[in-house]
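# Coordinates in review
Below are the chains, spelled out letter by letter.
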Amino acid sequence: MSKLSRKATVLNAKVVELLQKQVEMEAHASATYLAMSSWCDAHGFTKSAAFFLEHSSEERGHMLKIFHFLNENGVRAFSPEVKNIQQEYKGLRDVYEKTLEHEIAVTDAINAIVKLARKEDDFASENFLQWFVEEQLEEERLVRDILAMFEFVNEKESIFALKLIDERIPLEN
Ligand code: OFO
């Protein structure tokens, strides 16, 4: 890193590149959860619709957290392009399975940035990312707990069973 860029930011350039990608990933998560909320609403799963609406806002919050971290530390953050949002799902279980897959992918991405930050001695980014490490643990646990409810209904999930699950979806507000 040249002395001049060191003056602009203490963040490592390779870490910054991954953080910019993470801004995109969080924005994609926000848009995906919005699509899931709409799907759930259209299929009569009102608690799930509210759950995904809440989580869409949370993901936008995560995106902004990284966005501000970059801007506050001398890096120009880029407004992300959000494309390829899945709108259709096979059923309620599919929605939550896709959510878990998505959260696992985000956890892997966060861990990869932490690993790189550690390797590059970018202590500021490593420290900043600890919040995300905790958050991912919590989110994966939450979705796994929801998916566990589906284990109590048989393969041919009746609408009655699905509605019962929907009623037990935890909301924050
Ligand atoms: Fe951004 O918190 Fe999970 O994905």
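From a predicted model like this one, the values you see are computed outputs, not experimental measurements. (Residues numbered from 1 in each chain as written. Predicted model: local features only at pLDDT ≥ 70, side-chain atom pairs only at ≥ 80, totals over all residues. Heavy atoms only, no water.)

For the rest of this paragraph, the subject is the packing of aromatic side chains. Throughout the structure, instances matching the rule amount to 10 aromatic pairs. When the centroid spacing of 5.9 Å and the interplanar angle of 55 degrees are considered together, the rings of Phe51 and Tyr96 count as tilted. One end of the pair, Phe51, is in helix H3 (residues 46-72); the other, Tyr96, is in helix H4 (residues 92-119), with 45 residues separating them in the sequence. An identical accessibility class is assigned to Phe51 and Tyr96; each is buried. An angle of 5 degrees between the planes, with centres 3.9 Å apart, marks the rings of Phe69 and Phe128 as stacked. Placement of the pair is Phe69 in helix H3 and Phe128 in helix H5 (residues 123-150), with a sequence separation of 59 residues. Each of the two residues, Phe69 as well as Phe128, counts as buried. One aromatic cluster is present, formed by Tyr33, Phe51, Phe52, Tyr96 and Phe150 through successive ring pairs. The ring of Trp131 is capped by Lys65, whose NZ or CZ atom sits 4.3 Å from the centre of that ring. (Phe/Tyr/Trp six-rings, centres within 6.5 Å; stacked < 30°, edge-to-face > 60°. Helix = DSSP H or I, 4+ residues; strand = E, 2+ residues; numbered from the N terminus. Buried < 20%, exposed > 50% of the residue type's maximum accessible area, 1.4 Å probe, protein only. Lys NZ or Arg CZ within 6 Å of the ring centre and 35° of its normal.)

Glancing now at the packing of H3 against H4. Viewed as axis vectors pointing N to C, H3 and H4 meet at an angle of 20 degrees, and their least axial separation amounts to 12 Å. Comparing their axes, H4 and H3 come out roughly parallel. Here H3 and H4 pass one another in a crossing that is left-handed. Residues Ser48, Phe51, Phe52 and Glu59 of H3 pack against Leu92, Val95, Tyr96, Thr99 and Glu103 of H4. The class makeup of the residues in the contact of H3 with H4 is five nonpolar, two polar and two charged. (Axes fitted to C-alpha atoms, helices over the stretch in contact; angles between N-to-C directions. Parallel < 35°, antiparallel > 145°, perpendicular 65-115°, else oblique. Left-handed = near helix turned anticlockwise from the far one by under 90°. Contact = heavy atoms within 4.5 Å. Nonpolar A, V, L, I, M, F, W, Y, C, P; charged D, E, K, R; others polar.)

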